[in-house]
Amino acid sequence: MSSIASRSRTLTRADDLPQKLAAAMRAGHNGAAMRAKTAPELTYGRYAGPAPYTARQAAVLLLLFRRDGQWHVPLTQRPLSLTHHAGQISLPGGAVEKGETSAEAAIRELREEIGTSAPIEIIGQLADCYVFASDFFVTPWLASSPDVPKWRPDKREVDHVIELPLEVLLDPNAIGHLTIERGPRVFQAPCIRVGAARVWGATCMILGELAGLLSHILETER
């Protein structure tokens, strides 16, 4: 095992990883460079640029939890029957409702979509992201749980849960590219390989930002 792979493995199994991420975020560090590398070719007016006034507020949650000693994040595979993002892989989340904060919405949506009752502690906020296809202005929240969640996905919204090991985010071989066709438009998009699944678009960019934070921590601990 190479030195970098060994250090990545150690970091993504560290008891205090949530505290390390929180400290890095408080110090003003982010994964903006890595996030930019994971953006599809068609970004301006989709994932970049100011969101229009019509955009609805939404939130997603990256919930860190440990299984078999390694930190993971749950992703959701959408049913093929959905109108928007059918079959795609997403982070748990949805629209912010009246009277709740963005962080509260992210936690509520995660509990509604994948059914866990595990305790959740917010670590911090990642960069906002405008999603053109659904006209959502999305705020990602990073959180952690001391428990191993038991998933009970809502089959109306989630076909199944995919557990993404954080070690994958630090593996250069996990990054690939897809050719996306949207009517007459054909463009390339970076993706993260998670087994047979391919994660791209806004979800890939948000995970890219987390990967950038993890890489920063690795660099500072050399």
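Conventions used here
Residues numbered from 1 in each chain as written. Predicted model: local features only at pLDDT ≥ 70, side-chain atom pairs only at ≥ 80, totals over all residues. Heavy atoms only, no water. Pairing = 2+ DSSP bridges. Helix = DSSP H or I, 4+ residues; strand = E, 2+ residues; numbered from the N terminus. Axes fitted to C-alpha atoms, helices over the stretch in contact; angles between N-to-C directions. Contact = heavy atoms within 4.5 Å.

## Quick notes on the pairing of strand S10 (residues 185-194)
With eight bridges joining them, strand S9 (residues 175-182) and S10 adopt antiparallel strand pairing. Within the sheet, the bridge partner assigned to Glu 181 lies in S10 and is Val 186. Hairpin connection of S9 to S10: two residues between the antiparallel strands, including Gly 183 at a positive phi of 65 degrees. Sheet topology places S10 next to strand S11 (residues 197-199); three bridges connect them, and they run antiparallel. When the bridges of S11 are listed, Arg 193 appears paired with Arg 198. The antiparallel hairpin formed by S10 and S11 contains two residues in its connecting segment, where Gly 195 sits at a positive phi of about 65 degrees.

## Focus: the sheet that holds S10
Spatially, the three strands line up as an open sheet ordered S9-S10-S11, and their pairing is antiparallel. Taken across any chain shown, the strands that pair with only one partner, and hence form the sheet edges, are S9 and S11. In this sheet, adjacent strand axes meet at a mean angle of 50 degrees when their direction is disregarded. Set on the sheet, helix H6 (residues 201-220) makes contact with S10 and S11; between it and S10 the angle comes to about 45 degrees.

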